[in-house]
Amino acid sequence: MLEALLLMLALGSVSGVLLGIASKVFYVWEDPRIALVTDCLAGANCGGCGYTGCGACAAAIVAGQADVGACIVAGAGGAAKVAAVLGLEAGAAEPLTSQNTCTGGFRAPEKFSYMGVNDCRAAYLLYAGAKDCAVGCLGFGSCVKACLFGALEIGPEGFPVVDAEKCVGCGACEKACPKGIMQVTKPSDRILHMNLVDDRLAPCRQTCPAEINIPKYIHHIKNKEYDQAYLTIMERNPLPLSTGRVCPHPCEDACRRALADDPVSINQLKRFCSDWVFDNAAQVKIPVAPDTGYKVAIVGGGPSGLTAAYFLRRLGHQVKIFEWLPEFGGMIYYGIPEYRLPKAILGKDVKRILDLGGIDVKTGVKFGVDFDLESLVGGGFDAVLMTIGAMNHASARIPDEDKVKGVIPATTYLRRQGLGDPMPIGKKVGVIGGGNVAMDCLRSSIRLGAEKVYCLYRRTIKEMPANQVEIEACKHEGIEFVTLCTPTKFLTDDEGNLTGIEYLKNELGEPDASGRRSPVAVKGSETVIEIDNFILAIGQTTDSAFADEEGTAVSRLETKWGAIMNDPDTHQTAIPYVFTSGDCAGPPGLLVAAIGAGRRAARGIHKYLMGEDMAMPENRLRVDPRRMSGHIPGTMFKSIEGIEKKGRIEQPELEPGTYERQHTYAEVDLTVTEEEALKEANRCMHCCLTCYDKDA
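Residues numbered from 1 in each chain as written. Predicted model: local features only at pLDDT ≥ 70, side-chain atom pairs only at ≥ 80, totals over all residues. Heavy atoms only, no water.

(A) How the structure looks around the sheet that holds strand S7 (residues 359-363). In space, the five strands of this open sheet follow the order S7-S6-S5-S8-S22, with parallel pairing throughout. One side of each edge strand has no neighbouring strand; the edge strands of this open sheet are S7 and strand S22 (578-580). Shown here is a sheet whose adjacent strand axes are inclined to one another by a mean of 20°, direction ignored. Where strand S8 (residues 383-386) meets S22, three bridges bridge the pair, whose relative direction is parallel. (Pairing = 2+ DSSP bridges. Helix = DSSP H or I, 4+ residues; strand = E, 2+ residues; numbered from the N terminus. Axes fitted to C-alpha atoms, helices over the stretch in contact; angles between N-to-C directions.)

This is the structure we're talking about:
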């Protein structure tokens with residue numbers, strides 16, 4: 001018995017010695033902070049952080065391989081606790097959220113009947129699924145099953161619906177979807193995203209130069225979620241009040257409903273929800289990314305400059321806008337008359353942008369006179385965006401047009417009105433041109449007291465580039481159109497004052513490069529119109545004379561007919577840190593196009609500053625709204641079925657012929673009522689790539 005006890009004691013002693021030696025040989029030290037950090041995390045082991053579990057995530061955070069906010073489930077509170085353990089600043093990372101990019105669901109046609117396992121990944125293995133649309137949702141809810149937070153469900157229309165309050169952006173749904181329909185993104189990601197050929201885009205959305213998600217905001221209006229509709233527009237367009245009044249809405253030309261009915265009055269709906277937000281003082285929160293430490297100078301406070309400032313600030317950069325005129329807005333402030341776009345309305349759009357914070361402004365300073373590129377670089381700016389507009393007028397090539405008293409460039413004529421100092425005019429006014437600027441000059445002349453106003457245009461009304469509604473408004477206000485004419489000579493009195501214009505009548509010949517038939521003057525057809533003033537409204541150019549000064553940094557910029565040349569995708573010029581957008585990058589175009597260009601320029605600048613690849617994706621969608629070309633193949637139909645003709649709502653306006661309409665600058669076009677907006681929103685077919693809602 002004693003021997004056995006001694007033996008056990010000896011064996012125990014030897015084992016203890018061996019274990020002690022082993023503990024020394026195989027000892028692995030673990031940072032005690034890992035356990036403390038693990039306690040701060042959510043404990044869900046969801047893998048949303050990219051690591052195999054919470055322990056691995058904590059180890060990566062302590063090792064400096066992951067951010068203190070790596071656990072997206074724990075959120076900002078968890079990040080703050082982790083930062084406290086490690087003695088760091090928590091920062092303010094952008095939130096990740098999931099979104100469904102397909103609205104097909106039950107309505108999407110199927111090419112065969114699938115009878116297999118109710119799982120999207122299994123269904124996808126058979127000819128990429130039964131849906132006729134190659135990129136459409138299969139509807140079995142694999143994404144819903146993958147979500148550990150109850151943030152997803154298959155909605156009543158057969159596609160997943162995200163509960164933004166519950167979504168933590170873990171990415172499990174994105175991994176589970178075999179068609180890439182579920183996408184987890186930050187606000188910055190959405191700003192930088194450009195339309196791609198494999199996106200799920202309705203024809204209207206493809207055509208909009210600003211790439212606004214039109215079906216989504218109309219759907220919000222349909223549900224009376226007017227603030228959400230406004231925020232959807234603000235994802236792409238920071239000037240919705242203004243564009244809601246003056247955009248020629250090329251999107252409506254692509255509205256699928258127009259194949260069987262009138263197109264949806266998209267722009268009126270944009271104006272309605274934007275007005276509603278301001279009229280009701282609705283609180284809207286626009287996210288801004290954490291500060292990057294970079295500073296960007298924007299030269300010019302027009303639509304493109306304001307848009308770029310808005311998106312650059314939202315991407316986390318500090319911005320300063322330099323403007324030579326007293327007010328922001330460029331041509332839409334100094335070119336568009338008050339009766340179309342009240343200054344107070346534009347001011348609300350501008351204030352919303354500046355209220356983001358982090359955007360400094362300086363007015364009354366002109367580039368090339370008060371400051372230059374060297375001073376901006378010396379002032380610590382890391383990039384410069386030139387958006388100086390096109391404020392000079394193009395020549396009509398009529399002899400002595402710059403000498404005859406009473407001949408006025410349209411840019412000067414309209415700018416003087418914008419400054420509150422309109423030019424005095426006579427009783428008879430002629431305007432040459434067929435664009436929207438010409439229409440603005442014509443209608444302004446009526447309000448300035450002219451009794452007879454003529455529009456002289458070299459082609460027919462059908463070929464005029466102006467908005468049809470503007471042409472109709474001119475007719476309602478008594479303006480006379482003199483088409484198929486080419487002014488050739490000014491008639492003056494002995495003191496050089498204009499008394500009339502002589503023109504030749506035209507015939508239309510062969511189509512030119514624009515596709516329109518060329519005007520051909522008819523010899524011997526001279527005709528005279530008596531006028532007191534003649535306004536040149538046939539185009540604008542950019543004053544880029546500063547680039548001609550040799551030996552200066554800005555002389556490295558390339559110009560063509562005044563426009564400052566750039567890469568049309570990145571907006572970068574020959575000077576790497578200088579970018580251009582808007583009218584000064586040529587040729588002058590639509591307000592909504594300037595807004596689209598402003599976002600692209602912001603993208604280019606952001607990529608440049610962050611050292612990222614600036615090139616656009618190869619599969620970027622490139623649509624030409626003017627020629628209605630470049631759309632995603634198979635999405636522009638020739639006919640549709642299941643649509644009843646309902647007719648669209650009318651544009652409410654001041655009564656033609658009334659004193660207020662003819663002799664004041666009161667806003668002519670009015671906002672539709674809520675009842676009318678809901679009626680129109682319900683006409684929208686909520687189109688996706690190929691499917692749409694039918695009336696019956």
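(B) Examining unusual backbone geometry more closely. Here the residue pair Gly586 and Pro587 is connected by a cis peptide bond, since its omega of -20° sits within 30 degrees of zero. Along the chain, Pro587 falls in the loop between S22 and helix H21 (591-610). One non-glycine residue with positive phi stands out, namely Leu484, at about 50°. Tracing the backbone through its elements, the reader meets Leu484 in the loop between strand S13 (480-482) and strand S14 (485-492). Classification of Leu484 by relative accessible area gives partly exposed; the value is 25%. (Buried < 20%, exposed > 50% of the residue type's maximum accessible area, 1.4 Å probe, protein only.)

(C) Focus on a nonpolar patch on the surface. A cluster of nonpolar residues, Val14, Val17, Leu18, Ile21, Val25 and Phe26, forms a patch on the protein surface that exposes about 620 Å² of accessible area. With respect to the helices and strands, Leu18 occurs in helix H1 (residues 2-25). What makes Leu18 exposed here is its relative accessible area of 53%. (Patch = residues over 30% accessible without salt bridge, like charges linked within 9 Å, V, L, I, M, F, W, Y side chains within 5 Å. Areas by Shrake-Rupley, 256 points an atom, 1.4 Å probe, with all protein chains shown as cover. Salt bridge = Lys/Arg side-chain N within 4 Å of Asp/Glu carboxyl O.)

(D) How the structure looks around helix H20 (residues 468-476). Looking only at H20, the buried set comprises Glu470, Ile471, Ala473 and Cys474. In an axial view of H20, the angular spread of the buried residues amounts to 160°, which keeps them on one side of the axis. In this structure, the buried residues of H20 make contact with helix H19 (436-447), S13 and helix H22 (659-663). Trailing H20 by a residue or two, Gly478 shows a phi angle of about 85°, which is positive. (Arc of directions from axis to C-beta. Contact = heavy atoms within 4.5 Å.)

(E) How the structure looks around the packing of aromatic side chains. Tallied over the entire structure, the rule returns 14 aromatic pairs. Plain terms: the ring middles of Phe490 and Phe534 are 5.5 Å apart, the flat faces sit at 70° to each other, and that makes the pair edge-to-face. Of this pair, Phe490 sits in strand S14 while Phe534 sits in strand S18 (residues 533-536), and the two are 44 residues apart along the sequence. A relative accessible area of 9% places Phe490 in the buried class. Of the aromatic side chains, those joined through ring pairs into one cluster are Phe322, Phe367, Phe371, Phe381 and Phe546. When the ring centre of Phe637 is taken as reference, the NZ or CZ atom of Arg256 above it lies at 4.3 Å. The ring of Phe381 has Lys295 sitting right over it, with the charged end atom 4.7 Å from the ring centre. (Phe/Tyr/Trp six-rings, centres within 6.5 Å; stacked < 30°, edge-to-face > 60°. Lys NZ or Arg CZ within 6 Å of the ring centre and 35° of its normal.)

(F) Highlighting helix H2 (residues 32-40). Among the residues making up H2, those that are buried are Ile34, Val37 and Cys40. Buried residues of H2 fall within an arc of 115° about the axis and therefore sit on the same side. Exposed side chains of H2 directed beyond 90 degrees from the buried face belong to Pro32 and Asp39.

(G) Inspection of the packing of helix H10 (residues 214-222) against helix H23 (residues 674-681) at higher detail. Viewed as axis vectors pointing N to C, H10 and H23 meet at an angle of 130°, and their least axial separation amounts to 9 Å. With respect to their mutual orientation, H10 and H23 come out oblique. In this structure, H10 meets H23 at a crossing whose hand is left-handed. For the pair H10 and H23, contact is made by Ile218, Ile221 and Lys222 and by Ala677, Leu678 and Ala681, respectively. When its residues are assigned to classes, the contact of H10 with H23 shows five nonpolar, no polar and one charged. (Parallel < 35°, antiparallel > 145°, perpendicular 65-115°, else oblique. Left-handed = near helix turned anticlockwise from the far one by under 90°. Nonpolar A, V, L, I, M, F, W, Y, C, P; charged D, E, K, R; others polar.)

(H) Representation of the environment of Asn533 within the structure. Tracing the chain through its elements places Asn533 in strand S18. Spatially, the C-alpha atom of Asn533 lies 49 Å from that of Leu315, the residues being 218 residues apart in sequence. Beyond its immediate sequence surroundings of up to four residues, Asn533 is in contact with Gly406, Ile408, Ile425, Gly426, Lys428, Val429, Gly430 and Leu498.

(I) Summary view of the pattern of salt bridges. Inspection of every chain in the model, using the stated rule, returns 37 salt bridges. One salt bridge in this structure joins Asp261 and Lys645, with 3.9 Å as the shortest N-O distance. Of this pair, Asp261 sits in the loop between helix H12 (240-246) and helix H13 (266-279) while Lys645 sits in the loop between H21 and H22; the two residues are 384 residues apart in sequence, bridging distant segments of the chain. The exposure class of Asp261 is buried, given its relative accessible area of 5%. A salt bridge links Glu530 to Lys428; the shortest N-O distance between them is 3.5 Å. Highlighted residues: Glu530 in strand S17 (residues 527-530) and Lys428 in strand S11 (residues 428-432), separated in sequence by 102 residues. When salt bridges that share partners are traced, they join Arg257, Asp261, Asp262, Lys645, Lys646, Glu680, Arg683 and Asp695 into one network.

(J) Fine view of the nonpolar core. With 79 residues, the main nonpolar core has Ile214, Tyr217, Ile218 and Ile298 as its most contacted residues. For this core, the element with the most residues is H21, which contributes seven residues. Non-local contacts of Ile214, meaning those with residues more than four positions away in its chain, are made with Cys204, Arg205, Cys208, Cys251 and Ile266. Judged by nonpolar contacts, the second largest core, of 25 residues, contains Met423, Val431, Cys441 and Ile471. (Core = buried A, V, L, I, M, F, W, Y, C linked by side-chain atoms within 4.5 Å.)

(K) Looking closely at empty space enclosed by the protein. For the coordinates displayed, the defined rule picks out seven cavities of 30 Å³ or more. Taken as a whole, the largest cavity spans an internal volume of roughly 130 Å³. Along the wall of the largest cavity there are 16 residues; nearest its centre are Cys204, Cys255, Arg256, Cys684 and Cys687. Residue assignment for the lining of the largest cavity shows that the elements contributing at least two residues are helix H9 (203-207) and H10. Residue contributions to the lining of the largest cavity peak at three residues, all from H10. Of the residues assigned to the lining of the largest cavity, the class counts are 12 nonpolar, one polar and three charged. (1 Å grid on protein atoms, 1.4 Å probe; cavity = no way out; pocket = protein on both sides within 12 Å on 5 of 7 lines; lining within 4 Å. Points joined across faces, edges and corners; volume = space filled by probe spheres on them.)

(L) Molecular detail of the sheet that holds strand S10 (residues 407-409). Strands sit in the order S10-S18-S11-S12-S13 across an open sheet of five strands; the sheet is parallel. With partners counted over all chains shown, the strands left at the sheet margins are S10 and S13, one partner each. On average, adjacent strands in this sheet sit at an angle of 25° to one another, irrespective of strand direction. Of the pairings in the sheet, the one linking strand S12 (residues 452-456) to S13 comprises three bridges and is parallel in character. Looking across to S13, one finds that Cys455 is bridged to Phe481. Relative to the sheet, H19 contacts S11, S12, S13 and S18, its axis offset from that of S12 by approximately 170°.

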